[in-house]
Amino acid sequence: MTATADKTAIRTALWRALHVQADPGPHVFEDELGARLVAPGGDWRSRPDMDPVRSARARASIVARARFTEDLVVEQAGRGIDQYVILGAGLDTFAQRRPEGAGGVRVFEVDQPETQAWKRARLNELGYGIPEGLRMVPVDFEADDDWWQRLTENGFDPGRPAVLACSGVTMYLTRDAVAATLRKAAALAEGSAVAITFMQPAGLVDPEERAAREGVERAARADGTPFHSFFGPDDILALAKEAGFRDAEHVSAGDLAARYFAGRTDGLRPSTIEELLLATT
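All values derive from a computational prediction rather than experimental measurement.

Peer 1: Hey, could you go over the nonpolar core for me, with residue numbers and the actual values?
Peer 2: Within the largest apolar cluster, 32 residues are counted, with the highest numbers of intra-cluster contacts made by Phe-68, Tyr-84, Val-107, Leu-256 and Phe-261. For this core, the elements supplying multiple residues, two or more each, are helix H3 (56-77), strand E1 (83-87), helix H4 (94-97), strand E3 (134-138), strand E4 (163-166), strand E5 (193-199), helix H11 (253-260) and strand E7 (274-280). Ranked by the residues each element gives to this core, the list is headed by H3, at nine residues. Residues contacting Leu-256, with those up to four places away along its chain left out, are Ala-64, Phe-68, Val-251, Phe-261, Pro-270 and Leu-276. Within the second largest apolar cluster, 29 residues are counted, among which are Trp-147, Ala-162, Ala-240 and Phe-245.

Encoded structure:
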């Protein structure tokens, strides 16, 4: 197949693997399967964006938000919530790494049709196949396809609560599109939990990261996928409240550092460029 995942999904998968291979334990998150899907070749660690030092904070953020989200899924599964929706799933491998499905959770991966066709083929090539607990939900976002309708067509029960995660997506959407996404998410059944990342304006990023923040934005524009939306914590919380969420909280890089990186001697800590919104219905 000539199609593949997009550059951001590939970079995310490789950073997850790099955390396991380059950072000392204990590892915040362990996932090398995404890199196996990519099959990047033996020299992938020589890529400029895989430099262990320069990519450290971005890599730490990637594994921290993945750990936070999967901890949330497991926690909610303990309360009986058995639906997990991933918007812009990319190379997520929860369904393969945790075949028990965190206690019977059904996973709904929502992404572009071409990406999903490629991923399905790679999973089959590697011998994983598509497990019973996974629903791959192709949605043509560029054609304003209705992801909510596609979910229900693929077995999602809107009458029961769910966990919904969306990482590394909102910066590519307009503010109106982010607001619309939050309104749909807020319409999930009572008791649902939603974890969504947002990119901060440069002025709210740690001073030592501002050059990197500007570089990421330039690279996205050069790739033809420019950023459109940036939010400060107060702004995203207000948007979540306007969308109809019962509760909303900001999960900062400092919060993730305290939760997952305390006691490390290598100085690894998450970036302030992209942080998390946690909201409940």
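Peer 1: With reference to specific residues and values, describe the packing of aromatic side chains.
Peer 2: Taken as a whole, this structure holds six aromatic pairs when the rule is applied. The interplanar angle of 80° and the centroid separation of 6.3 Å between the aromatic rings of Phe-227 and Phe-230 together place this pair among those described as edge-to-face. Residue Phe-230 is classed as partly exposed on the basis of its relative accessible area, which comes to 25%. Ring pairs connect the aromatic residues Phe-108, Trp-147, Trp-148 and Phe-156, which therefore count as one cluster.

Peer 1: Can you explain the pairing of E5? Please cite residues and give values.
Peer 2: The element E5 is largely enclosed, with a buried count of seven among its seven residues. Side-chain alternation along E5 places Ala-193, Ala-195, Thr-197 and Met-199 on one buried face and Val-194, Ile-196 and Phe-198 on a second face that is also buried. Across four bridges, E4 lies against E5 in parallel orientation. In the sheet register, Cys-166 faces E5, and the bridge partner there is Ile-196. By the bridge criterion, seven bridges tie E5 to E7 in an arrangement that is antiparallel.

Peer 1: Any details on helix H6 (residues 113-125)? Residues and values, ideally.
Peer 2: The terminal C-alpha atoms of H6, which comprises 13 residues, lie 18 Å apart, in line with the 18 Å expected from a rise of 1.5 Å per residue. Among the residues making up H6, those that are buried are Thr-115, Gln-116, Trp-118, Lys-119, Ala-121, Arg-122 and Leu-123. Where H6 is buried, its residues meet helix H2 (33-38), H4, strand E2 (106-111) and E3.

Peer 1: Break down the environment of Gly-90 for me, citing the residues and quoting the values.
Peer 2: Assignment of secondary structure puts Gly-90 in the loop between E1 and H4. Sequence-distant contacts of Gly-90, that is, excluding residues within four places in its chain, are made with Ala-9, Asp-111 and Lys-119.

Peer 1: Could you give an account of the pattern of salt bridges, naming the residues involved and the relevant values?
Peer 2: Charged atoms that come close allow side chains of opposite charge to pair. Overall, the coordinates contain 28 salt bridges when judged by the stated rule. A salt bridge links Asp-223 to Lys-7, with the shortest nitrogen-to-oxygen separation between them at 3.3 Å. Taken together, the residues Asp-223 in the loop between helix H9 (210-222) and helix H10 (233-243) and Lys-7 in helix H1 (residues 7-22) connect sequence positions 216 residues apart. Of the charged contacts in the structure, one is a salt bridge between Asp-23 and Arg-59, with a shortest N-O distance of 2.8 Å. Separated by 36 residues along the polypeptide, Asp-23 in the loop between H1 and H2 and Arg-59 in helix H3 bring together distant segments of the chain.

Peer 1: Can you break down H10 residue by residue, with the values?
Peer 2: If you check which residues of H10 are buried, you get Pro-233, Ile-236, Leu-239, Ala-240 and Ala-243. Down the axis of H10, the smallest arc covering the buried residues is 130°, so these residues share one side. Those residues of H10 that are exposed and aimed more than 90 degrees away from the buried face are Asp-234 and Glu-242. The inward-facing, buried residues of H10 abut helix H8 (175-186), E5, strand E6 (247-251) and E7. Of the residues trailing H10, Gly-244 is marked for its positive phi of about 115°.

Cut-offs applied
Residues numbered from 1 in each chain as written. Predicted model: local features only at pLDDT ≥ 70, side-chain atom pairs only at ≥ 80, totals over all residues. Heavy atoms only, no water. Core = buried A, V, L, I, M, F, W, Y, C linked by side-chain atoms within 4.5 Å. Buried < 20%, exposed > 50% of the residue type's maximum accessible area, 1.4 Å probe, protein only. Helix = DSSP H or I, 4+ residues; strand = E, 2+ residues; numbered from the N terminus. Contact = heavy atoms within 4.5 Å. Phe/Tyr/Trp six-rings, centres within 6.5 Å; stacked < 30°, edge-to-face > 60°. Pairing = 2+ DSSP bridges. Expected span 1.5 Å × (residues − 1). Salt bridge = Lys/Arg side-chain N within 4 Å of Asp/Glu carboxyl O. Arc of directions from axis to C-beta.

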